[in-house]
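Okay, here's what each chain looks like letter by letter:
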Amino acid sequence: MALSRRHLLAGAGTAALAASLPMRHIVAQNAEIKLGSVLDNSGNLDIYGKPMVMATTLAVEDINAAGGLLGRQIKAIQYDTQSDIALYTKFAQQLAREDKVDVVHGGITSASREAIRQTFKRANVLYFYNVLYEGGVCDRNCVVTGTTPAQAVEPIVEHAMKKWGNKVYILAADYNYGQITAKWLQHYIEQRKGTVAATNFFPLDVADFGSTIAKIQEANPKWVVSALVGGAHMAFYRQWAASGMNKKIPLASTTFGVGNEHLALSPAEGDGILIAGNYSQEIPTPANKNFLAKWQKRFGDTKIVHEIAVSQYHGIHLWAECVRKAGTLDRAALLKTIESGISIEGPAGKVAIEPKTHHAALDIHLMEVKGQKLTIIETVKQRPPSDTAQYCDLLKNPDENKQFEVKI
Amino acid sequence: MDYAAVVVLEIIYMIAFLALISAGLAIVFGMMRVINLAHGEFVMLGGYATIACSKAGINIYFAMLVVAPIVVGVIGLVVERLIVRFLYGRMIDTMLATWGLSLLLIGLVELVFGNTAVSVPAPIPGYQVGSYQMGGYNLFIIGITVVLVLAMWLVLRYTRIGLIARGAMQSAEVVSSLGYNPNTVYMLTFTTGAALSGLAGGVLAPLTGLLPSVGGIYIAKAFITVITGGAAVIAGTLTTSALFGTVNQIVSFASTPVIGELAMLVLAIILLRLMPQGVTGRFFRNST
């Protein structure tokens, strides 16, 4: 074997790491546990990120107030990625290499998740992604507490096709979430003998939907489904209502409400939009009321609490539960605990990790926007992430490291 | 047939939209050669002024047509006195200063209004073209733009104020020889430009969700419209708005809005390559 510079460096790195390990262990005995997060606390995506940052703070304070973990307090190291993908890579490196955190909860868009996931895998830092997404990530180092299309998209398609008919027009954001979700939508629609009139993709800064609205009318679908994302895309719902189309063709969405869009639109504009997801502030359980009261006390305003803030809160508590059960912060032991089938009761109900996929079975609510609230129509308990489970089995292939896509 | 009418209406709307967001910039850049990178933020402030007033119970038309231009005009006046007036003739420095200003304004609005999208519903209901539903508010925007452009043209062409402003555009000495202080003229021109941007922001507020960073949507389009338009403020802006609006919408209908925007940018590059002085550097040379 020729000894290349890379081998030499890798060897030296390992040696250095090995030398530093015992030291770190001793220091770590009394020091705080470090929980890292990388989230967009400013910029175009901060309607998603800000409440997640608050949820992180709240969850960590919760755990610390109850005495911490393993007798130690948790310190949250939160970086603001400013809706800039380049900063994700940078801060992920910083968390893994410099801050040497024990766990990371972060990433919002799927693009940001893919920008940082491998960094944490290489550095052996356990990573939680707590956002609804397009499904399929199969990576033993990564735990997902958000919903996937099989959980939140299929119920929408099923309900809407029964109620409104079988010709559908799809609008989606132009990055991996939107593209893959559009594929799933098409898959579920065609599975039920429906047809897709057309699929249009929009970059995140498009704010003029005049021609699109005319084209939708030209195609004359029974209903329209939107997987649009972010502040600029809000303009679609606005212009849709302004043209009076909201009275003519019903609208469903896989993302509406996640960025609190229902609060920005007037009741007349938002009413009737069909969505499905893991969380609504209207969930009548004591766990949810308790959570909202805590939020109110800490931050004042609960209006901005949305699904992925709750997912982030779930993720952190789930990790804490793992640490308690395992009695250690060692990654290998924690992964074993995760794969023993761990669950917590959160504001949005039971969150149970499936050992095979590291994704969560969740309660799914079918909801309708009514008077700026997400009114629950129907609830399915513990819906599994069956899309990802179709391809991914981490118990059998623990070294798998890819994102599966639906094949149509 | 109905569909053709819909396409034509959308084209006219896009032309009006471009002319509206460019008017303020056309005055500030076209007449004073000041590159105001905070133009998008002036538009954004107009939107916030409108929404804040409307939430406070003030009539929405009054808010967008009167309050928004006055608020942003005053902000423009302050900016001119504190920053821009020291930088006349120093194009790069002005760019840097106004860019900083744009970041500052975004930050301030974030502090005051928060970073979630806010908006008001459009006050005009949709209407029917054959079997198609159209946004009625778009017609209002078209109307406002026509009135605005007409008023600008009349003022610049037929009033003494317009004459002085055009004189200032030629050179400061012309104004001085007419017996006016060029500094005052510049100040008023900048304020007017800001007020027009505020008006645009106010009128457009009901169409999109408003975020502090929304200026970014407007600034690129406004700049390519004004720069490609060239020296004649009104004729230039109108010509390029018409060209870009038509191309953008036709391509959008034929493919997607993304390709539509691309087509518009490609057209701008071609036009500037062929006519580095802008469209009015070659055609309509003697117009306003």
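Since the model is a prediction, treat every value here as computed from it, not as a measurement.

## What to know about the overall build of chain B
- Assigned secondary structure in chain B consists of 12 helices and two strands.
- When the helices and strands of chain B are read in sequence order from the N terminus, they spell out α-α-α-α-β-β-α-α-α-α-α-α-α-α.
- Whereas a compact globule of 288 residues would reach a radius of gyration of roughly 19 Å, chain B reaches 19 Å, a difference of no more than 12%.
- Out of the 288 residues belonging to chain B, those deemed buried represent 53%.
- The long-range share in chain B, meaning contacts at least 24 apart out of those at least 6 apart in sequence, stands at 75%.

## With respect to unusual backbone geometry
Residue and element names in this part refer to chain A.
- Phi angles above zero are rare outside glycine, and Lys193 is one such case at about 65 degrees.
- Even without glycine at this site, Asn260 takes up a positive phi of about 60 degrees.
- Within the element layout of this structure, Asn260 appears in the loop between β10 (251-253) and α9 (261-264).
- Taking the number of C-beta atoms within 10 Å as the measure of exposure, Asn260 has 22 and is therefore buried.

## Brief notes about the interface of chain A and chain B
- Listed as interface residues are 37 residues of chain A and, on the opposing side, 30 residues of chain B.
- Contributions of two or more residues to the side of chain A that touches chain B are made by α2 (46-65), β8 (195-202), α7 (210-219), α8 (234-242) and α10 (267-270) of chain A.
- The element contributing the most residues to the side of chain A that touches chain B is α7(A), with seven residues.
- Across the side of chain A that touches chain B, the residue classes tally to 14 nonpolar, 14 polar and nine charged.

## Topic: the packing of α2(A) against helix α12 (residues 307-326) of chain A
All names here are of chain A.
- Relative orientation of the contacting elements α2 and α12 amounts to 30 degrees, with a least axis distance of 8 Å. Considered as vectors, α2 and α12 are oriented roughly parallel to each other. You can see that α2 and α12 cross each other, and the crossing is right-handed. Here Tyr48, Pro51, Met52, Met54, Ala55, Thr56, Leu58, Ala59, Val60 and Ile63 of α2 come into contact with α12, specifically with Ile308, Ala309, Val310, Gln312, Tyr313, Ile316, His317 and Ala320.
- Of the residues in the contact of α2 with α12, the class split is 15 nonpolar, three polar and no charged.

## Details of the sheet that holds strand β3 (residues 103-105) of chain A
Residue and element names in this part refer to chain A.
- The parallel open sheet is built from five strands, whose spatial order is β2-β1-β3-β4-β6. The outermost strands of the open sheet, each flanked by one partner alone, are β2 (74-80) and β6 (142-144). Pairs of neighbouring strands in the sheet enclose a mean axial angle of 20 degrees, with direction left out of account.
- By the bridge criterion, three bridges tie β3 to strand β4 (residues 126-129) in an arrangement that is parallel. Paired with Val103 across the two strands is Leu126, which belongs to β4.
- Where helix α4 (residues 110-122) meets the sheet, it contacts β1 (33-39), β3, β4 and β6, and its direction lies at approximately 160 degrees from that of β4.
- The strands that α12 touches are β3 and β4; relative to β3, the one it contacts most, it runs at about 165 degrees.

Calculation rules
- Residue positions are counted from 1 within each chain, in the order its sequence is given.
- Key to labels: chains lettered from A, ligands numbered from 1, both in the order written.
- Totals for whole chains, interfaces and linings use all residues, but because this is a predicted model, local features are given only for residues with pLDDT of at least 70 and pairs of side-chain atoms are given and counted only at 80 or more.
- Runs of E in the DSSP output that reach at least two residues are strands. Runs of H or I that reach at least four are helices, and both are numbered from the N terminus.
- C-alpha atoms define the radius of gyration in this analysis, and the globule rule sets the expected value at 2.2 Å times the number of residues to the power 0.38.
- Any residue with 12 or fewer other C-beta atoms within 10 Å of its own C-beta is exposed, any with 20 or more is buried, and the rest are partly exposed; the C-beta atoms used are placed from the backbone.
- Each residue gets a C-beta atom placed from its backbone, and two residues are in contact if those atoms lie within 7 Å.
- Only Asp, Glu, Lys and Arg are considered charged in this grouping, and only Ala, Val, Leu, Ile, Met, Phe, Trp, Tyr, Cys and Pro are considered nonpolar; every other residue, Gly among them, is considered polar.
- Interaxial angle, 0 to 180 degrees, is taken between N-to-C directions of lines fitted to C-alpha atoms, where a helix line uses only the stretch in contact.
- Angles below 35 degrees are treated as roughly parallel, those above 145 as roughly antiparallel, those between 65 and 115 as roughly perpendicular, and all remaining angles as oblique.
- Here a crossing is called left-handed whenever its near helix is offset anticlockwise from the far helix by less than a right angle, and right-handed whenever the offset is clockwise.
- Strand pairing requires that DSSP identify at least two bridges connecting the strands.

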